[in-house]
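# Residue-level structure breakdown
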Amino acid sequence: MQLLLRAFLAIYLAHLLTDFVFQTHRLVEQKRRGHSAAYCFTGSFTISRVIITGFVLRGSILSLRTHLVIAGLTLVHLLIDLAKIQLAKKYPVCDGSWAYVSDQLLHFLTVGLAAWRLSLPCRSANSAL
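A brief report on the enclosed structure follows. (Residues numbered from 1 in each chain as written. Predicted model: local features only at pLDDT ≥ 70, side-chain atom pairs only at ≥ 80, totals over all residues. Heavy atoms only, no water.)

## Remarks on helix 4 (residues 64-90)
- Here helix 4 is 27 residues long and its end C-alpha atoms lie 39 Å apart, about the 39 Å a rise of 1.5 Å per residue gives.
- Buried within helix 4 we find T66, V69, I70, L73, T74, H77, I80, D81, I85 and A88. (Helix = DSSP H or I, 4+ residues; strand = E, 2+ residues; numbered from the N terminus. Expected span 1.5 Å × (residues − 1). Buried < 20%, exposed > 50% of the residue type's maximum accessible area, 1.4 Å probe, protein only.)

Written as structure tokens, this is what we have:
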């Protein structure tokens, strides 16, 4: 349980930093306008999550599983953001507090899923037999 909590806090800290500290208002506006270059910033999500998780969970920075889980989480994060932007364009009235809370709740849940995945014990090829 402690490993799960540590993994969750590490990944969620990286999420908070990249979503609220490093992401500028200009970048958010570029995403809303559909500028694909603004989504290149998503790579910083991956890098910050790997670095912070590597500090918190010893040895995880060298683990392929960590990199795959974080890459998957980054892809899901990008898809959630794209869906939110598309829904806001289609239904402008929905671009308010409900959209924001829903977006953050989905991010929270996916971070929890990724943390759970990282906290599972590694199985070797021999133990599957």
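Read on for the rest.
## Points about a nonpolar patch on the surface
- A surface patch of nonpolar side chains, about 560 Å² in accessible area, is lined by L16, F20, V21, F22, Y100 and V101.
- Taken together, the elements giving at least two residues each to the nonpolar patch come down to helix 1 (2-22) and helix 5 (97-119).
- For the nonpolar patch, the leading source of residues is helix 1, giving four residues.
- Considering the arrangement of structural elements, one finds Y100 in helix 5. (Patch = residues over 30% accessible without salt bridge, like charges linked within 9 Å, V, L, I, M, F, W, Y side chains within 5 Å. Areas by Shrake-Rupley, 256 points an atom, 1.4 Å probe, with all protein chains shown as cover. Salt bridge = Lys/Arg side-chain N within 4 Å of Asp/Glu carboxyl O.)

## Focus on helix 1
- In this model, helix 1 (21 residues) spans 28 Å end to end at C-alpha, consistent with the 30 Å of a helix rising 1.5 Å per residue.
- Turning to helix 1, its buried residues number three or more, namely A7, F8, A10, I11, Y12, A14, H15, T18 and D19.

## A few points about the packing of aromatic side chains
- Under the criterion given, the structure shown has four aromatic pairs.
- Consider the rings of F8 and Y12, whose centres lie 5.5 Å apart with planes at 10°: the pair is stacked. Remark: Y12 and F8 occur in helix 1; sequence separation between them is four residues, near one turn of the helix. Just as F8 is buried, Y12 falls in that class too.
- Considering the side-chain rings of Y12 and F108, the 5.4 Å spacing of their centres and the 85° angle between planes classify their relative orientation as edge-to-face. Note that Y12 is positioned in helix 1 and F108 in helix 5, a separation of 96 residues in sequence.
- Under the relative-accessibility criterion, Y12 is labelled buried at 18%.
- One aromatic cluster in this structure is built from F8, Y12 and F108. (Phe/Tyr/Trp six-rings, centres within 6.5 Å; stacked < 30°, edge-to-face > 60°.)

## Considering the side chain of S60
- Along the chain, the position of S60 falls in the loop between helix 3 (42-56) and helix 4.
- According to the relative accessible area criterion, S60 is buried, its value standing at 8%.

## Brief notes about the environment of F108
- On the basis of relative accessible area, F108 is assigned to the partly exposed category, the value being 38%.
- The spacing of F108 and I11 is 97 residues in sequence and 9.8 Å in space, taken between C-alpha atoms.
- The contact partners of F108, leaving out residues within four places of it in the chain, are F8 and Y12. (Contact = heavy atoms within 4.5 Å.)

## Digging into the nonpolar core
- Formed by 13 residues in total, the largest nonpolar core has its most connected members in F8, I11, L73, V111, A114 and A115.
- Non-local contacts of V111, meaning those with residues more than four positions away in its chain, are made with F8, I11, Y12 and L73. (Core = buried A, V, L, I, M, F, W, Y, C linked by side-chain atoms within 4.5 Å.)

## Observations concerning the side chain of D103
- By the element assignment, D103 lies in helix 5.
- In this structure D103 is buried but unpaired, with K84 as the nearest side chain of opposite charge at 4.2 Å.
- Setting aside residues no more than four positions away along its own chain, D103 makes contact with I80, D81 and K84. (Lys, Arg positive; Asp, Glu negative; His and termini not counted.)

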